[in-house]
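# A look at the structure
Given next are the chains, with one letter for each unit.
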Amino acid sequence: MNKEVFRAFDGKTVLVTGGAGAIGSNLVKTLSQLETKKIIILDDLSSSYEWNIPINPKVAFIKVAFWTMKNSNGRSKKNPK
Ligand SMILES: NC(=O)c1ccc[n+]([C@@H]2O[C@H](COP(=O)([O-])OP(=O)(O)OC[C@H]3O[C@@H](n4cnc5c(N)ncnc54)[C@H](O)[C@@H]3O)[C@@H](O)[C@H]2O)c1
């Protein structure tokens, strides 16, 4: 990535889904070395391990499956009916 792309993350909070996985953890590692404010990982660890998450005070990890997340009306995003 060029410097302009890196600078786009300056001071930003970034959400990384699947951030404990192969690609996600490397993305988190790179993001944590930039001037990002915070990196939030959502991952259910279904195919990865918590130890794969880079240790950095800017990185927060929430263990959750995407489909258990609810809309503001309380309905599941996967099963909207
Ligand atoms: N090492 C590398 O840097 C690299 C780079 C490119 C590709 N790869 C290869 O590509 C493959 C795929 O990599 P990947 O990162 O896409 O897959 P992955 O399985 O490593 O990561 C996916 C992540 O998403 C999480 N996840 C899946 N479903 C979820 C759900 N419903 N809710 C919350 N979290 C959920 C999993 O727990 C996991 O941590 C790897 O197995 C690897 O062999 C590796």
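Up top is the structure these notes are about.
Note that this is a predicted model, so its numbers are computed, not measured. The numbers attached to residues start from 1 for each chain and follow its sequence in the written order. A pLDDT threshold of at least 70 governs which residues receive local features in this predicted model, and a stricter bar of 80 or more applies before side-chain atom pairs are shown or counted, although totals over entire chains, interfaces and linings include all residues.

### A word on the overall build of the protein chain
Secondary structure elements follow DSSP: runs of H or I of four or more residues count as helices, runs of E of two or more count as strands, with numbering from the N terminus. Counting its secondary structure elements, the protein chain contains two helices and three strands. Reading the secondary structure of the protein chain in the N-to-C direction produces α-β-α-β-β. Whether a residue is buried, exposed or partly exposed is read from the other C-beta atoms within 10 Å of its own C-beta, which are placed from the backbone; 20 or more gives buried, 12 or fewer gives exposed, and intermediate counts give partly exposed. In the protein chain, which comprises 81 residues, the share counted as buried stands at 16%. Throughout, a pair of residues is in contact if the C-beta atoms placed from their backbones lie within 7 Å. Restricting the contact set of the protein chain to residue pairs at least 6 apart, pairs at least 24 apart contribute 47%.

### Things to note about the site of the ligand
Nearness between a residue and a molecule or strand is assessed with a C-beta atom placed from the backbone; a distance within 6 Å qualifies. Neighbouring the ligand are 16 residues, the closest being Gly 18, Gly 21, Ala 22, Ile 23 and Ser 48. A total of four residues in the shell around the ligand trace back to one element, the largest contributor, which is helix α2 (residues 22-32). A per-class count over the shell around the ligand returns seven nonpolar, seven polar and two charged. Under the scheme applied, nonpolar residues are Ala, Val, Leu, Ile, Met, Phe, Trp, Tyr, Cys and Pro; charged residues are Asp, Glu, Lys and Arg; polar residues are all the others, including Gly.

### What to know about the environment of Asn 26
Looking at the element boundaries, Asn 26 is found in helix α2. C-beta crowding within 10 Å serves as the criterion here: with 13 such atoms nearby, Asn 26 is assigned to the partly exposed category. Counting along the chain gives 27 residues from Asn 26 to Ile 53, while the straight-line C-alpha distance between them is 8.8 Å.

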